[in-house]
Amino acid sequence: MVLLLAVNMVTRAGFSLKQLKMWGIIRQKVAAGGGSPVARIRPVVSNLRNYSSAVKQMMVREALNSALDEEMSADPKVFLMGEEVGEYQGAYKISKGLLEKYGPERVLDTPITEAGFTGIGVGAAYYGLKPVVEFMTFNFSMQAIDHIINSAAKSNYMSSGQISVPIVFRGPNGAAAGVGAQHSHCYAAWYASVPGLKVLSPYSSEDARGLLKAAIRDPDPVVFLENELLYGESFPVSAEVLDSSFCLPIGKAKIEREGKDVTITAFSKIVGLSLKAAEILAKEGISAEVINLRSIRPLDRSTINASVRKTNRLVTVEEGFPQHGVGAEICASVIEESFSYLDAPVERIAGADVPMPYAANLERMAVPQVEDIVRAAKRACYRSVPMAAAA
Amino acid sequence: MRFIPESSEKRVPCFRVLDDNGELIKGSDFQQVSKEVAVKMYSHMVTLQVMDSVLYEAQRQGRFSFYLTTIGEEAINIGSAAALSADDFILPQYREPGVLLWRGYTLQQFANQVFANKADDGKGRQMPIHYGSKKLNYITISSPIATQLPQAVGVAYSLKMEKKDACAVAYTGDGGTSEGDFHAALNFAAVMEAPVVFICRNNGWAISTNISEQFRSDGIVVKGRAYGIRSIRVDGNDALAVYTAVQAAREMAISEKRPVLVEALTYRVGHHSTSDDSTKYRTLDEIEYWKTERSPINRFRNWVERQGWWSEQEETELRSSIKKQLLQAIQVAEKTEKPAITELFSDVYDVPPSNLAEQEKQLKEIIQTYPQDYPTDVPV
C-alpha cells in the first residue's frame, strides 16, 4: 500500500516508470531495508511516511515556484526567461502557472540559444530589469558561460560600479539519474571561483525559498544551483518560511545537525546523504556535525572553521569532480585557519574523476554514497578497519 | 525543383548621398542638415582623427600600453552618433569612440582612461580604449567580440517595456558577424520585436582576416533577411548617407518595434591596433589609397566648404587647437596619480565582501610597515 502510494506520488511528480525501476523502488520483491545494494538508491521518496504531521510539507519544486511567484508579484522588474518556461510550464515544472498569471512579457519562452538569451538577460539587467534566466541544466550554461563570466560577473568591477547586473541564473546542476556525462556535471566549483559572482545551492524547501528570494533581490549576479532529484522531495516548512517576506542571508551556512566528533560539509543533495551517514555514525558512537553550505561563494568559512575547531576533524563531501573542487577550497581554508585544531588529516569525498557514465551500476560508483561518507568519517576518527577499501 | 542560388547576380546596391568628391548626387534621398549640425559633425570627425593620431603616437612612445584607432571610419562614428538621440543606448564593439566624443566625453576624459589614472571614470580598471559612460548612455567596452549584440536586444527589450522613445544601438565589425552571438542576437531580436539598430562597420579586415575569408555571402546586409530583419547597405565613408540611413533606421526601430540592420561599407585605414602591423598582410598602396583618395573626412569637407560653411583657415585653427588640447590633456593625465589601492578591492560586488575588506586592511598594514618597497606615485 505504501509502495503504491509512493509510485503514485512519484509518477505524478513527473518521473517515469523506467526511472523508478532503476532506483529500485519497484522491484519484484520488496526488500526489508538494507538488502541488496539497489535498495540504497532512494533519493526521492524518503519522507512520505510523515504525512500526518502538523507541520506543512512542501516540495522543493513548489518552494521554488512560490518564491518566483512572490518575487515577480512584489517587483514588476523581475521576469523569467528560458527554454520551455512558459507554455510548457517549465521543463521541470518549476515555473508552473507563471505564464498564465504574469503574461508573456514577464515569462519569456526563448529560442534555443543559451548564448542568446543569457546575453539578452545580461543586457536587460544592464538597463535595469531583473531577469531570472533558467538553464534547462547547467550543463547547457557552457554555451553561455562567456556572458555569465565576462558580461555579468566582471561588469560591476570593470565599469567602476556604473553597470550593475542584478541577474539570477538558475537551473538543475550536478548528477541526476541515468542521464550521462553531458547532463550530470556539477558546476559549483567552476562558478564559485569567479569574483563578482555569488553562487548558491539549496538543499531543503526552506533553503530553496529563502535563497532564491535572496538571489532575486540581490544587486549582484547570482548563480543558483538546484538539483533535479531534489525537486520532488518534500521538507517540513514553518509559517515563517511560508511568509512572502522570508529571505535567507547569502553567505551563511546552516548546521543541519549538531555534533562533536567530526564535521561533515556538504551542499545540495549530498546534505541528505550526509544526514543519513550521521544517523549511521551515531549508532556507532560517532557524533557528526553536518553543515549545509547553502552558499558556495561567499563560502561561510567562519561557520566551517568554528565547527572544525570544536570537532577537530573534517570530511568534505561533494558530487562534483575532485580536482579544484569545493572540498579542495574548504580543506585549504581549514588548514590555513585552523591547522592546530586538526586531530586528523582532512578527508575529501568527491565524484569519481571520470565523465559520468550512463550504466546504472557505473553511475552509482561514480557519485558519493552514504557508505563513502561513513567510511571517511570513521577514517577521520581513526576508527576505520585498515584494509584497502575503494573509497 | 529550384534551389535558391547562393548569391544574387548583382550585389545589393549601396546607398549614397555624396559622390567621391563630396558633390551631392542628384535625386538621392537626403536628410538636410543645418549649418550648425554639419559643422559640428565635421569638426568632430576631425577631432576624432587628430585624437587618434596623437594618442597612437603616444603609445608608440611607450607612454601607455595599448591603443586602437578609428582612422577611416570617422563618418560612421559621427554620422551615426549625430542621427541618434541622447536617450538611445549605445553598445559599441571598440572602434566607435566617436559616438562618445559626440555625446560630450572630453579629450581629458579619453586621456585619463588610456593612462588609467585616478581621474579615470573607470578607476583604472580597464585597458586603454575601453571607455564607457553611464551618464552618456554608452556602455563600457568589453573585449570579447559580438557579446554586445544579444545584450543590445536585452536593453531594447527593457526600453520597450518602459515605453521609452529610444532604441538600443549595437555596433560590430565584419568579423563580429561570424560569432554565434550575432546569429542569436538577430534571430532573437526579430522574434522579440525589439527596437534595436544593428550597425555593422564592414571595414574589410578583421586583424589580418580579409572579408573574403570571413564569410561567403554578399557582405552583411543579405543576412538580415534570413532573420526577418529589414536591412540597408550604406556607403560608410559618406557622412550624410550614414546620417540619413541611421536616422531612418532609428525611426523604424522605435515606431514599429522592430530590429533594423545597417551595413556601412568602409575601410580600416589604421592597423587593427598597436599590437598589429598591417603592412604584413596588405600593401602600402592599398592603405594609402583609402587614406587619401577615399577619405571620409576630405569628402565631407568638400561638401561643407561648398556650402560656404567651412574654410581653410578654420581647418588650420581647428586642427592646431585640438592637437594642443590633446598634448595638454596627455601631460595632465600622465602626471595625475594612479588610482588609490582601495580601488583594487571595490566594485567586485555591490557591497564589499568581508574577505576583501580583510585583505585590504592587511595590505595597508604591510605598506605602512615597508613603505620603501611601495611605489610613490600610487596613493594608498
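This one's a predicted model, so the numbers in the text were calculated from it and none came from an experiment.

What follows concerns the overall build of chain A. Across its full length, chain A carries 15 helices and 14 strands. Expressed as a percentage of its 391 residues, the buried residues of chain A come to 58%. Taking as baseline every contact in chain A between residues at least 6 positions apart, the subset at least 24 positions apart corresponds to 79%. Within the structure as shown, chain A displays about 16100 Å² of accessible surface, and the carbon and sulfur contribution to it stands at 57%.

A separate point is the overall build of chain B. In terms of helices and strands, chain B carries 14 helices and 7 strands. By the compact-globule yardstick of 21 Å for 380 residues, chain B fits well, its C-alpha radius of gyration being 22 Å. Seen through its principal axes, chain B has C-alpha atoms that stretch 80 × 55 × 45 Å. Split into buried and exposed, the 380 residues of chain B put 55% on the buried side. Summarising the internal contacts of chain B: among those between residues at least 6 apart in sequence, 73% fall at separations of at least 24.

With that settled, the discussion passes to the sheet that holds strand S6 (residues 230-235) of chain B. Residue and element names in this part refer to chain B. If you walk across this open sheet you meet the 5 strands as S1-S2-S3-S7-S6, and the pairing is parallel. The strands lining the two open edges of the sheet, one partner per strand, are strand S1 (89-91) and S6. Across the sheet, the axes of successive neighbouring strands diverge by a mean angle of 20 degrees, strand direction being ignored. Pairing of S1 with strand S2 (residues 168-173) involves 3 bridges; the strand directions are parallel. Note on S2: the bridge partner recorded for Leu 91 is Ala 170. Its contacts with the sheet place helix H2 (residues 74-83) against S2, strand S3 (196-202) and strand S7 (260-265), and it is angled at close to 165 degrees to S3. On top of the sheet, helix H9 (residues 239-256) reaches S3, S6 and S7; it is set at about 165 degrees to S6, its chief contact.

Residue and element names in this part refer to chain A. On the secondary structure map, Asn 312 appears in the loop between helix H12 (301-311) and strand S13 (314-317). Within polar-contact distance, the side chain of Asn 312 engages the backbone oxygen of Arg 309 at 3.5 Å. Not counting residues up to four positions away in its chain, the partners in contact with Asn 312 are Tyr 341, Leu 342, Asp 343 and Ala 344.

Turning our attention to the interface of chain B and chain A. Across the boundary between the two partners, chain B contributes 36 residues, which contact 38 residues of chain A. Interface of chain B and chain A: buried area, both sides summed, is about 3100 Å²; carbon and sulfur atoms make up 63% of it. The largest contributions to the chain B side of the interface with chain A come from Gln151(B), Phe188(B) and Tyr349(B), which together make up 21% of the buried area. Joining chain B to chain A, the criterion identifies 0 salt bridges.

The subject of this paragraph is the sheet that holds strand S6 (residues 198-200) of chain A. All names here are of chain A. Spatially, 7 strands are ordered S3-S2-S4-S5-S7-S6-S12 in an open sheet, and the strand pairing comes out mixed. A strand with exactly one partner marks an edge of an open sheet, and here the two such strands are strand S3 (107-109) and strand S12 (295-297). Adjacent strand axes in the sheet meet at a mean angle of 20 degrees when their direction is disregarded. In this structure, strand S4 (residues 130-134) lies alongside strand S5 (residues 168-172), joined through 3 bridges in parallel fashion. If you follow Val 133 over to S5, its bridge partner there is Phe 169. Packing against the sheet, helix H9 (residues 205-217) makes contact with strand S2 (78-82), S4, S5, S6 and strand S7 (222-226), and its axis sits at approximately 160 degrees to S7.

Within the structure shown, the criterion is met by 0 disulfides over all chains. Note on Cys331(A): no disulfide assigned, nearest cysteine sulfur contributed by Cys381(A) at a separation of 15 Å.

Residues and elements named next belong to chain B. With respect to the element layout, Val 39 can be found in helix H1 (residues 35-60). Expressed as a C-alpha distance, the spacing of Val 39 and Trp 309, which sit 270 residues apart in the sequence, is 7.1 Å. Non-local contacts of Val 39, meaning those with residues more than four positions away in its chain, are made with Trp 309 and Trp 310.

Let us look at the confidence of the model for chain B. In this model, chain B carries a mean pLDDT of 95, and residues with pLDDT of at least 70 account for 100%. For this predicted complex, the interface confidence reaches an ipTM of 0.82, while the overall pTM sits at 0.84.

The rules we used
- Residues numbered from 1 in each chain as written.
- Chains lettered and ligands numbered in written order.
- Predicted model: local features only at pLDDT ≥ 70, side-chain atom pairs only at ≥ 80, totals over all residues.
- Heavy atoms only, no water.
- Helix = DSSP H or I, 4+ residues; strand = E, 2+ residues; numbered from the N terminus.
- Buried < 20%, exposed > 50% of the residue type's maximum accessible area, 1.4 Å probe, protein only.
- Contact = heavy atoms within 4.5 Å.
- Areas by Shrake-Rupley, 256 points an atom, 1.4 Å probe, with all protein chains shown as cover.
- Rg over C-alpha atoms; globule rule 2.2 N^0.38 Å.
- Pairing = 2+ DSSP bridges.
- Axes fitted to C-alpha atoms, helices over the stretch in contact; angles between N-to-C directions.
- Polar contact = N/O pair within 3.5 Å; in protein donor to acceptor, adjacent residues only side chain to side chain.
- Buried area = accessible area lost by both parts, 1.4 Å probe.
- Salt bridge = Lys/Arg side-chain N within 4 Å of Asp/Glu carboxyl O.
- Disulfide = S-S within 2.5 Å.
- pLDDT = per-residue confidence, 0-100.

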